[in-house]
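Observations on the model geometry
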Amino acid sequence: MIAYVIRRVFHSMIVLLVVGLVAFAMFRYVGDPIDNMLGQERTQADIERLTEQLGLDQPFVVQYWKFLRNAVDGNFGVSYRQGRPVAEIIAERAPATLELATVSGLFAILVGIGLGVFTAIRRNGVASNLIMTLSLIGVSLPTFLIGILFIYVFSVELDLLPSFGRGDVVQVGNWSTGFLTKSGLLALILPSITLGLYQMTLIMRLVRAEMLEVLRQDYIRFARARGLRERAVNFRHALKNTLVPVITVTGLQLGSIIAFAIITETVFQWPGVGLLFINALQFVDIPVMAAYLMLISVMFVAINLIVDLLYFAIDPRLRIDGRTG
Amino acid sequence: MNSPPLLSVRNLVVEIPTRHGVVRPVDQVSFEIQAGEILGVVGESGAGKSMTGNAIIGLLDRPARIVSGEIFLNGDRIDHLPLAAMRKRRGKDIGMVFQDPLTSLNPLLPLGHQLTETILAHLPVSVIEAKKRAIAALEEVGIPAAAERIGAYPHEFSGGMRQRVVIALALSAEPSLVIADEPTTALDVSVQAQITSLLKRLCRERGTGVMLVTHDMGVISETADRVAVMYAGRLVELGSVRQVLTSPCHPYTSGLMGSTPLASKGQKRLHQIPGMMPRLGNLPTGCAFSPRCTYAQDKCHQDLELQLDTCDGRAACWFPIGEQEA
Ligand SMILES: Nc1ncnc2c1ncn2[C@@H]1O[C@H](COP(=O)(O)OP(=O)(O)O)[C@@H](O)[C@H]1O
Ligand SMILES: [Mg+2]
């Protein structure tokens, strides 16, 4: 098992190195950093000084290495647009995105698994069929349309929930949280459902399909034949066996929740890193874009690693032989 | 009147609606099992043996359902019981052992957990007591170092060991009837005999009645008290092991034993009879076996009701073998 984990960590490093390369190439070769930083009024001396200061005269590999070292230290340079360190800007914006992603991730997982189990157990029920049909619509509508639809219904027509922003936030150390105020919590509802809806439907359909498969297995028949309660059969015996494939997909989907946050944050003017990225895009603020890219990929890789470790926690067969499967 | 038999199945009919009409995988089946008795059930694949067992324990898969007949356990009628009442009887009154021990156990739960949850579902004991009983149950089926292996997972055991665990599970709430559906078919030949004798010993000790479905005539001759022979959903012969094995009455039974009357010696597997069992949707009129039967006469092909009433009520046949010789 340890060998397996080490191998997975090694894979993760390679992925990060490659993403780092892309981010670096973007940083270095899309537009001219000197141009970007010095503006129109510059002397040849200025250019040479900055070139040397930034190390732009050094070989490619050396520059790449420096970029990576800086990235590990959390140093992504200075935003062209705001003239402040990128790390600082991102640290300000990250709590908004992370809170949004956490809530919509929880929504997707809990509601997805719950509805998946429900529709599998009541396979032919009216409610199940209704949910399955609705979920098809949920999957096929694009996120921004769902967001706009929600805003129209719940903010404009019913006037129940805010249509943009985070509401009131409270500063806890370096972290600005919306969890502690009523307006902050209300403001989370529409964006997190919008963001998590697609993932929720996917998880639900997957759980349902896996659950139907598992319910046909001999050990489920045997559990019934031993007179266990339906609840024990469905949740203790069946659900656990559906989790291994579900975790794989769920992990990937959680990654994409953070990536898709860009759209939702734009629709709801949510002050997170996604919105930051969109703004950076408009101004070709390369350091911010590069940092965002690195950040997202670190999260993807971390989630993948966690997913792999969860397999071990759930399936005892892996723990013994340590096969990678 | 003396006490009722442990299990009494009367005129059981199971139907499945299919696209090509309704089929009857179990048709007018009647038999009894006494406490402590082992009834062997034999017949080709698809004869309806599993359907009969599933109907008794109330686990028919939809759309199969019992349409008529009665099932009594200790004198209580148990077909068409409310779901919750039937659930309480499963495991507690009727235990079931499935064919494949590799798939019968939940791979993600420790054995001890699966045992204690079954015990706790049926017996009014504490968790600690349930755990003690779980260890005792594993010891009884011959799992070495049971106390240490209570936390082990199914994949840590061999097939034979797993089937021992399955038996421990099926017996853990001390049911009075066990339905064992081909409990050794999926096992290595070398451990088959151990498993059957284990099942036999445990049931004898507790006076448990057993419905033992098997393909193995050797198992029947060593284990069972009586034998039921099924063909295309019907019971064609039902008698004591000695009678059925040494002087089969129905031509189909005789065919199963290898056409000659001496079956138990040497020939362990069922003999192949020329032809195939007809599909349920496509049964011939009259006796279902008649197209394959070398003794068949005109009467066999006519649409007449057959009963278990020839050879002293042993066989359902117009021209049984014993009576021709007589
Ligand atoms: N869903 C179904 N639709 C139609 N026929 C079925 C269905 N399920 C089982 N059967 C039929 O029921 C019969 C009895 O099967 P089974 O009891 O499993 O036989 P056995 O255990 O004796 O091998 C088989 O002939 C099978 O083809
Ligand atoms: Mg069968």
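What comes next is a walk through the structure. (Residues numbered from 1 in each chain as written. Chains lettered and ligands numbered in written order. Predicted model: local features only at pLDDT ≥ 70, side-chain atom pairs only at ≥ 80, totals over all residues. Heavy atoms only, no water.)

A closer look at the overall build of chain B
Each helix and strand in chain B was counted, giving 13 helices and ten strands. A compact globule built from 326 residues should have a C-alpha radius of gyration of about 20 Å, and chain B, at 20 Å, falls within 12% of that. Its C-alpha atoms put chain B at 65 × 45 × 45 Å along the principal axes. Taken across its 326 residues, chain B has 54% of its residues classed as buried. (Helix = DSSP H or I, 4+ residues; strand = E, 2+ residues; numbered from the N terminus. Rg over C-alpha atoms; globule rule 2.2 N^0.38 Å. Buried < 20%, exposed > 50% of the residue type's maximum accessible area, 1.4 Å probe, protein only.)

A short note on the interface of chain B and chain A
Across the boundary between the two partners, chain B contributes 30 residues, which contact 23 residues of chain A. Between chain B and chain A, the buried area comes to about 2400 Å², and carbon and sulfur atoms account for 57% of it. Linking chain B with chain A are three salt bridges. For the salt bridge of Asp-61 of chain B with Arg-221 of chain A, the shortest nitrogen-to-oxygen distance reads 2.8 Å. In this structure, the connection of chain B to chain A is made through 14 residue pairs in polar contact (both at pLDDT 80 or more). Listed by contribution, the elements that provide at least two residues to the side of chain B that touches chain A are α1 (49-57), β6 (94-97), α3 (101-104), α4 (111-122) and α7 (159-171) of chain B. Considering every element that reaches the side of chain B that touches chain A, the biggest residue donor is α4 of chain B, with six residues. Here the side of chain B that touches chain A is built from residues that sort into 14 nonpolar, ten polar and six charged. (Contact = heavy atoms within 4.5 Å. Buried area = accessible area lost by both parts, 1.4 Å probe. Salt bridge = Lys/Arg side-chain N within 4 Å of Asp/Glu carboxyl O. Polar contact = N/O pair within 3.5 Å; in protein donor to acceptor, adjacent residues only side chain to side chain. Nonpolar A, V, L, I, M, F, W, Y, C, P; charged D, E, K, R; others polar.)

Re the packing of aromatic side chains
Summed over the entire model, instances satisfying the criterion amount to nine aromatic pairs over all chains. Ring centres of Phe-24 of chain A and Phe-60 of chain A lie 5.4 Å apart, and the angle between their planes is 65°; this geometry places the pair in the edge-to-face category. Of this pair, Phe-24 of chain A sits in helix α1 (residues 2-29) while Phe-60 of chain A sits in helix α4 (residues 60-72), and the two are 36 residues apart along the sequence. Taking relative accessible area as the criterion, Phe-24 of chain A reaches 3% and is therefore assigned buried. Each ring, one from Phe-150 of chain A and one from Phe-154 of chain A, has its centre 5.8 Å from the other, and the planes form 75°; the classification is edge-to-face. Within this pair, Phe-150 of chain A and its partner Phe-154 of chain A are both found in helix α7 (residues 143-157), separated by four residues, close to a single helical turn. Using a relative accessible area of 29% as the deciding quantity, one classes Phe-154 of chain A as partly exposed. Members of the aromatic cluster, each reached through a chain of ring pairs, are Phe-24, Phe-60, Tyr-64 and Phe-67 of chain A. Residue placement shows Lys-299 of chain B over the ring face of Trp-318 of chain B; its charged tip is 4.1 Å from the ring centre. (Phe/Tyr/Trp six-rings, centres within 6.5 Å; stacked < 30°, edge-to-face > 60°. Lys NZ or Arg CZ within 6 Å of the ring centre and 35° of its normal.)

Some words on the nonpolar core
Within the largest apolar cluster, 96 residues are counted, with the highest numbers of intra-cluster contacts made by Leu-7, Phe-31, Ile-56, Ile-94, Ile-167 and Leu-177 of chain B. By residue number, the principal contributor to this core is α7 of chain B, which donates seven residues. Setting aside its immediate chain neighbours within four residues, Ile-167 of chain B contacts Val-97, Val-141, Ile-195, Leu-198, Leu-199 and Leu-202 of chain B. By size, the runner-up hydrophobic cluster in this structure holds 35 residues, among which are Val-86, Ile-90, Ala-96 and Val-288 of chain A. (Core = buried A, V, L, I, M, F, W, Y, C linked by side-chain atoms within 4.5 Å.)

Here we look at the sheet that holds strand β3 (residues 38-42) of chain B
Adjacent strands of a sheet form backbone hydrogen bonds with each other and so pair up, either parallel or antiparallel. Residue and element names in this part refer to chain B. Strand order in this open sheet of six strands is β6-β7-β8-β3-β9-β10, and the pairing throughout is mixed. At either end of the open sheet lies a strand with only one pairing partner, and these are β6 and β10 (234-240). Going from strand to strand, the sheet's axes swing by 15° on average, the running direction of each strand aside. Here four bridges tie β3 to strand β8 (residues 209-213), and the two strands are oriented parallel to one another. Of the residues in β8, the one forming a bridge with Gly-40 is Leu-212. Lying over the sheet, α7 contacts β6 and β7 (177-181), oriented at roughly 170° with respect to β6. (Pairing = 2+ DSSP bridges. Axes fitted to C-alpha atoms, helices over the stretch in contact; angles between N-to-C directions.)

Overview of the sheet that holds strand β2 (residues 21-33) of chain B
All names here are of chain B. Spatially, β2-β1-β4-β5 is the arrangement adopted by the four strands of the open sheet, whose pairing is antiparallel. Since the sheet does not close on itself, it has two edges, and those belong to β2 and β5 (76-77), each with one partner. Judged from the two bridges that link them, strand β4 (residues 65-73) and β5 form a sheet pairing that is antiparallel. Among the inter-strand pairings, Leu-73 is bridged to a residue of β5, identified as Asp-76. Packed on one face of the sheet, α1 meets β1 (7-18), β2 and β4 and runs near 110° to β1.

Regarding helix α5 (residues 127-140) of chain B
Residues and elements named next belong to chain B. Across its 14 residues, α5 extends 20 Å between first and last C-alpha, which sits within 8% of the 20 Å expected from 1.5 Å per residue. Of the positions making up α5, those classed as buried are Ala-130, Ala-134, Ala-137 and Leu-138. All buried residues of α5 project into a common sector of 95° when viewed along the axis, lining one side. When the buried face of α5 is taken as reference, the exposed residues oriented beyond 90 degrees from it are Ile-128, Lys-132 and Glu-139. Buried residues along α5 sit against α4, α6 (146-149) and α7. Looking one or two places after α5, you find Gly-142, whose phi comes out positive at around 85°. (Expected span 1.5 Å × (residues − 1). Arc of directions from axis to C-beta.)

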